[in-house]
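The chain contents come next:
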Amino acid sequence: MTYDFLIIGAGIAGLSVAAELAALGSVLVLEREAHPAHHASGRSAALYEPRYGLPPVAELSLASEAAFRALPGILSERGLMILAKADQRATFDRDLAGFQLEEIGVEAACGIVPILNPATVAFAATASHAWDIDTDLLIQGHIRRLKAGGGELRTSSPVSALRRAGGLWHVTTAMGEIAARVLINAAGAWVGQVAGMAGLRDPGFTPLRRSMARIAAPGARDISRWPMLFGCGESWYAKPDAGALIVSPAEEDPLAPQDAWADDMVLAEGLARYEEMVTEPVTRPLANWAGLRTFSPDRVPVIGPDPAEPAFFWLAGQGGYGFQTSPAAARLVAALLGGTAPDVGADLAARLSPTRFA
């Protein structure tokens, strides 16, 4: 069978687009791992904060809100709080403006999160415009939509070769060769490798590791209604999760594409930055993990046909914004491939296009 659209990668990017494209033609999603959403999409902080990221990212995120609201149970209230020490006022002010936060007194902040240390927390600000994303519910919904539209998802199907012949892509997998009219590169940290197999130029995507630790709820408190906490300048963050707290050093260490693991020293440094701002010490992490957030050279996602080969479509470089931008990004891909006007506007589509690296 020859497919209209073949998508490499079953993370949030690939699956959300697959669900949209199922109405436009035959769709096959290939995933190298045994399960979808195994890498970055399975290790997300799962927060929808539409003002997080550079302007094109924020525009995509804001354009995604209506789709999230239309899906019952996807978003739940979380909120966020930014914390700073006395010598971090300039960075704190930049966060105030960027996240559109309201500054509050330290005493008021301690009333919301009782473990904050007033001896080290000098400035605090909050916002209610941040929500938890039920990432599993969202992923499973996309898979159901894909299959309902006649599309297919094949796991444990790494791609070993690509060639263009007779107006089609011929894709070699362990289960044999597959042909497709359009190839969509949604391979996360591996997007550069996929482009190389296709004989196309990688504009310079860089996978950056981010580690997380799960710790017990401080003092066995009920932390379910605490906001997500950020050290100003995103120097660390902490978020309630299933009765525990996940804490990240928010590092960005370059790594080759791989199944990433947390670096113990980096994790310890991040936990120390968190501990400095609270009164409850970290005893022993319950678990730790890491994911790769892949960025383009300008840290803006790349969405659109390759300038040298229009039948090769980029859906790459989502960085840490893949979930919160996914509805609008998927609609943009479907519009570009379906020949309709993108609802996010031609200007934003142009700023996301890979032609900017040509």
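- Named according to an unreviewed UniProt entry, the chain is Glycine/D-amino acid oxidase-like deaminating enzyme originating from Gemmobacter caeni.

1. Quick notes on the pairing of strand E10 (residues 159-165)
Turning to step 1, where the next piece is worked out: Here E10 pairs with strand E11 (residues 168-173) via six bridges, running antiparallel. Within E11, the position partnered with leucine 162 by the bridge is valine 171.
Turning to step 2, where the next piece is worked out: The hairpin turn running from E10 into E11, its antiparallel successor, is two residues long, and glycine 166 in that turn takes a positive phi close to 60°.

2. Observations concerning the pairing of strand E15 (residues 237-241)
Turning to step 1, where the next piece is worked out: Most of E15 sits out of view: four of its five residues are buried.
Turning to step 2, where the next piece is worked out: Bridging between strand E14 (residues 228-231) and E15 involves two bridges; their strand directions are antiparallel. Within the sheet, the bridge partner assigned to leucine 229 lies in E15 and is alanine 238.
Turning to step 3, where the next piece is worked out: Connecting E14 to the antiparallel partner E15 that follows it, the hairpin turn spans five residues, and glycine 233 within it adopts a positive phi of roughly 70°.
Turning to step 4, where the next piece is worked out: One ladder, built from five bridges, connects E15 with strand E16 (residues 244-248); its direction is antiparallel. Its bridge partner lying in E16, proline 240 is registered against leucine 245.
Turning to step 5, where the next piece is worked out: Linking E15 back to E16 in an antiparallel pair, the connection comprises two residues, with alanine 242 at a positive phi of about 50°.

3. Examining the sheet that holds strand E4 (residues 75-77)
Sheets are built from strands that pair by backbone hydrogen bonding, the pairs being arranged parallel or antiparallel.
Turning to step 1, where the next piece is worked out: In spatial order, the strands read E3-E8-E4; together these three strands make up an open sheet with antiparallel pairing. Either end of the sheet is taken by a strand with one partner, and the two such strands are strand E3 (47-48) and E4.
Turning to step 2, where the next piece is worked out: Sheet topology places E3 next to strand E8 (residues 131-133); two bridges connect them, and they run antiparallel. Bridge assignment links tyrosine 48 to a residue of E8, and that residue is tryptophan 131.

4. Observations regarding the nonpolar core
Turning to step 1, where the next piece is worked out: With 58 residues, the main nonpolar core has Leu6, Tyr274 and Phe312 as its most contacted residues.
Turning to step 2, where the next piece is worked out: Lining this core are residues from two domains, each supplying at least three of them: domain 1 (2-46 + 135-205 + 297-357) and domain 2 (80-127 + 206-295).
Turning to step 3, where the next piece is worked out: Ignoring sequence-local partners within four residues, the contact set of tyrosine 274 consists of Ile115, Ile215, Pro218, Trp236, Ala238, Leu245, Val247 and Val282.
Turning to step 4, where the next piece is worked out: Ala10, Ile12, Tyr48 and Leu348 belong to the second largest nonpolar core, which has 41 residues in total.

5. Concerning the domain arrangement of the chain
Turning to step 1, where the next piece is worked out: Assigned domains of the chain: these are domain 1 (2-46 + 135-205 + 297-357) and domain 2 (80-127 + 206-295).
Turning to step 2, where the next piece is worked out: For domain 1 and domain 2, the distance between their C-alpha centres works out to 31 Å.
Turning to step 3, where the next piece is worked out: Contact with domain 1, which involves 20 residues of that partner, is made by 19 residues of domain 2.
Turning to step 4, where the next piece is worked out: Interface area for domain 1 against domain 2, summed over the two sides, is near 1500 Å², with a carbon-plus-sulfur share of 56%.
Turning to step 5, where the next piece is worked out: Here domain 1 is connected to domain 2 by two salt bridges.

6. Topic: the packing of helix H2 (residues 55-62) against helix H9 (residues 322-338)
To describe two helices that pack against each other, one gives the angle between their axes and the distance between the axes.
Turning to step 1, where the next piece is worked out: Where H2 contacts H9, the two axes come as close as 7 Å, and the packing angle between them is 75°. In this view, H2 runs roughly perpendicular relative to H9, as classed from their interaxial angle. Where H2 approaches H9, its residues Val57, Leu60 and Ser61 are matched on the opposing element by Gln324, Thr325, Ala328 and Ala329.
Turning to step 2, where the next piece is worked out: In the contact of H2 with H9, the residues fall into four nonpolar, three polar and no charged.

7. What about the side chain of asparagine 185?
Turning to step 1, where the next piece is worked out: In this structure, asparagine 185 sits in strand E12 (residues 176-185).
Turning to step 2, where the next piece is worked out: Using a relative accessible area of 0% as the deciding quantity, one classes asparagine 185 as buried.
Turning to step 3, where the next piece is worked out: At 3.5 Å, the side chain of asparagine 185 forms a polar contact with the backbone nitrogen of alanine 187.
Turning to step 4, where the next piece is worked out: With sequence-adjacent residues up to four places away left out, asparagine 185 is seen in contact with Ile8, Val191, Val194, Ala195, Phe312, Phe313, Trp314, Leu315 and Ala316.

Scoring rules and cut-offs
- Residues numbered from 1 in each chain as written.
- Predicted model: local features only at pLDDT ≥ 70, side-chain atom pairs only at ≥ 80, totals over all residues.
- Heavy atoms only, no water.
- Pairing = 2+ DSSP bridges.
- Helix = DSSP H or I, 4+ residues; strand = E, 2+ residues; numbered from the N terminus.
- Buried < 20%, exposed > 50% of the residue type's maximum accessible area, 1.4 Å probe, protein only.
- Core = buried A, V, L, I, M, F, W, Y, C linked by side-chain atoms within 4.5 Å.
- Domains from an automatic or database assignment.
- Contact = heavy atoms within 4.5 Å.
- Buried area = accessible area lost by both parts, 1.4 Å probe.
- Salt bridge = Lys/Arg side-chain N within 4 Å of Asp/Glu carboxyl O.
- Axes fitted to C-alpha atoms, helices over the stretch in contact; angles between N-to-C directions.
- Parallel < 35°, antiparallel > 145°, perpendicular 65-115°, else oblique.
- Nonpolar A, V, L, I, M, F, W, Y, C, P; charged D, E, K, R; others polar.
- Polar contact = N/O pair within 3.5 Å; in protein donor to acceptor, adjacent residues only side chain to side chain.

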